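# Examining the three-dimensional arrangement
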Amino acid sequence: MIYVIIGLAIAITTYILCFFYRKVALKKGVIADLNSRTLHDEATPKGGGIIFPIIFAFLLLLFLFFNIKFDTKYIFVSILALSLSIFGLWDDYRDVSAAVKFAIQAMFSFFILVILLPIEIFLSVNLYLFLSAFVLLLLIWVLNSINFMDGIDGLASSLCFFYFFSTFLISYIQDPSEPHLKSFIIFSICLGFLAINFSKTNNLFMGDAGSLFLGFMLCFIAIETIYNESLSILYWSILLSYCLTETTLTTLYRILYIDKWYKAHRSHAYQNLARISNNHWKITVLILLYHLIWLFPLAYLSIFSTINSLYLIILSIIPTLIFNMTFGPRFSSS
């Protein structure tokens, strides 16, 4: 019950702060552009995700004040997350070039590895150095993939709610005395944002300010839990299978067939389906239900069963492959 009360308090606080941010964004003109690459027909304030790292950092300071047990490195992590979110807000306002975005994402992904992995890994010219480079590229791609999911109302925040809620729930099942509190905080924040994102009268986009924060924290928590062996690579591969498979297939198609493939677009399968159905939230809910009904049980089995990991990976990827082939970029209008 205590988690329900605290979670609701965090969600309500997020909603209130986002509501006031929306008023500021309207006055300052931080508005999502309406063009041929978007699926919206109304000017909407963006950059609301800057609220996320502020709440996260504040709650960590409360933990510290009340001597609640947590790894103090998260204070530094919260500073990095806030810095990346501020860059995202600047991008929301000024539209930074793709090259600069990549450089910033690479730098912050490297910070994740430096904080979590032993320094000798970076000093040894051997297999570990190669693996570190591979993991760095993977982190950059996860960051981008979360950003790519922010193309229709509520999808990125819904997926991140699912990722962090699942991680908190699994950690609670494993050890109720030490659940993953950072995941608890973030999924509560996502819940509060969804309430205002869902509103027809006070709609607000998280923008890069939010998606970069969520992607950064997701990468950090994933690497941390894999490194300390509380969760497995298989678990995270299944949990993120929709996001990574859909964005990877879409990007590969665009690289092969589209000039200037790196430009903003609306050719993801979920965007095409949202355009066909003329309903963002219906598609968001369907994708969220797929995660809850299909991917979460597979992720659970990856931890609490002895089923062959290859079977679980195949089962987690095939539906997204079919979805992308059916509604993917070759059916896009841009």
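I will try to describe carefully the structure that is included in this document. Only a predicted model underlies this, so the values are computations on that prediction, with no experimental measurement involved. (Residues numbered from 1 in each chain as written. Predicted model: local features only at pLDDT ≥ 70, side-chain atom pairs only at ≥ 80, totals over all residues. Heavy atoms only, no water.)

The next point concerns the overall build of the chain. Across its full length, the chain holds 14 helices and zero strands. Seen in sequence order, the chain has helices and strands lined up from the N terminus as α-α-α-α-α-α-α-α-α-α-α-α-α-α. Looking at the chain as a whole, 51% of its 334 residues are labelled buried. The long-range share in the chain, meaning contacts at least 24 apart out of those at least 6 apart in sequence, stands at 76%. (Helix = DSSP H or I, 4+ residues; strand = E, 2+ residues; numbered from the N terminus. Buried < 20%, exposed > 50% of the residue type's maximum accessible area, 1.4 Å probe, protein only. Contact = heavy atoms within 4.5 Å.)

Okay, unusual backbone geometry next. A positive phi angle is found at E229, which is not glycine, with a value near 65°. Following the sequence through the fold, E229 ends up in the loop between α9 (207-227) and α10 (233-239). Residue classification places E229 among the exposed positions, given a relative accessible area of 71%.

Between helix α12 (residues 269-277) and helix α13 (residues 280-304), whose axes approach to 8 Å, the crossing angle comes to 135°. When the interaxial angle is binned, α12 and α13 end up oblique. Once α12 is placed against α13, the crossing between them reads as right-handed. Residues Y270, L273, A274 and S277 of α12 form the contact with α13, whose own contacting residues are H280, I283 and I287. Residues of the contact of α12 with α13, tallied by class, amount to five nonpolar, two polar and no charged. (Axes fitted to C-alpha atoms, helices over the stretch in contact; angles between N-to-C directions. Parallel < 35°, antiparallel > 145°, perpendicular 65-115°, else oblique. Left-handed = near helix turned anticlockwise from the far one by under 90°. Nonpolar A, V, L, I, M, F, W, Y, C, P; charged D, E, K, R; others polar.)

Here the focus is the pattern of salt bridges. Close approach of charged atoms lets side chains of opposite charge pair. For the coordinates displayed, the defined rule picks out one salt bridge. Residue D91 is joined to K101 by a salt bridge in which the shortest nitrogen-to-oxygen separation is 3.2 Å. You can see D91 sitting in helix α3 (residues 73-94) and its partner K101 sitting in helix α4 (residues 98-116), a full 10 residues away along the chain. Residue D91 is classed as buried on the basis of its relative accessible area, which comes to 5%. (Salt bridge = Lys/Arg side-chain N within 4 Å of Asp/Glu carboxyl O.)

Moving on, we get to helix α8 (residues 181-198). With 18 residues, α8 extends 26 Å between its outermost C-alpha atoms, agreeing within 8% with the 26 Å of an ideal straight helix rising 1.5 Å per residue. By the criterion of burial, α8 is predominantly enclosed, with 15 of the 18 residues buried. (Expected span 1.5 Å × (residues − 1).)

The next subject is the nonpolar core. In this structure, Y163, F216 and M217 are the most contacted members of the largest nonpolar core, which totals 90 residues. Once residues lying within four places of it in the same chain are set aside, the contact partners of Y163 are I146, L218, Y235, L239, L240, C243 and H291. (Core = buried A, V, L, I, M, F, W, Y, C linked by side-chain atoms within 4.5 Å.)

Here we take up the environment of I31. Within the element layout of this structure, I31 appears in the loop between α1 (2-28) and α2 (51-65). A relative accessible area of 21% places I31 in the partly exposed class.

Once that is clear, we can look at the packing of aromatic side chains. The final tally for this structure, using the stated rule, is 24 aromatic pairs. Ring centres of Y3 and F168 lie 5.4 Å apart, and the angle between their planes is 70°; this geometry places the pair in the edge-to-face category. Within this pair, whereas Y3 is found in helix α1, its partner F168 is found in helix α7 (residues 155-174), the two being separated by 165 residues in sequence. Residue Y3 is classed as partly exposed on the basis of its relative accessible area, which comes to 26%. Summarising the aromatic geometry, the rings of F56 and F213 are spaced 6.0 Å apart at their centres and angled 65° between planes, so their arrangement reads as edge-to-face. Here F213 lies in helix α9 and F56 lies in helix α2, a separation of 157 residues in the sequence. (Phe/Tyr/Trp six-rings, centres within 6.5 Å; stacked < 30°, edge-to-face > 60°.)

This brings us to the side chain of D92. Mapped onto the secondary structure, D92 falls in helix α3. Although buried, D92 forms no salt bridge, and the nearest oppositely charged side chain, K46, lies 5.0 Å from it. Separated by 2.9 Å, the side chain of D92 and the backbone nitrogen of D208 make a polar contact. (Lys, Arg positive; Asp, Glu negative; His and termini not counted. Polar contact = N/O pair within 3.5 Å; in protein donor to acceptor, adjacent residues only side chain to side chain.)

With that out of the way, let us pick up α2. In a regular helix each residue adds 1.5 Å, so 15 residues correspond to 21 Å; α2 covers 21 Å between its end C-alpha atoms and thus fits that length. Those residues of α2 not exposed but buried are I51, F52, P53, I55, F56, A57, L59, L60 and F63. Buried residues in α2 make contact with α1, α3, α8 and α9. Where α2 ends, the next residue or the one after it, N67, has phi of about 55°, a positive value.

With that out of the way, let us pick up a nonpolar patch on the surface. On the surface, M1, V4, I5, L8, I12, I16, F20 and L191 cluster together into a nonpolar patch covering about 810 Å² of accessible area. Mapped onto the elements, I16 comes out in helix α1. (Patch = residues over 30% accessible without salt bridge, like charges linked within 9 Å, V, L, I, M, F, W, Y side chains within 5 Å. Areas by Shrake-Rupley, 256 points an atom, 1.4 Å probe, with all protein chains shown as cover.)

With that settled, the discussion passes to the packing of α1 against α2. Where α1 contacts α2, the two axes come as close as 10 Å, and the packing angle between them is 140°. Looking at the two axes, α1 sits oblique to α2. In this structure, α1 meets α2 at a crossing whose hand is right-handed. Contact residues: α1 offers I10, T13, T14, L17, C18 and Y21, while α2 offers I51, F52, I55 and L59. When its residues are assigned to classes, the contact of α1 with α2 shows eight nonpolar, two polar and no charged.

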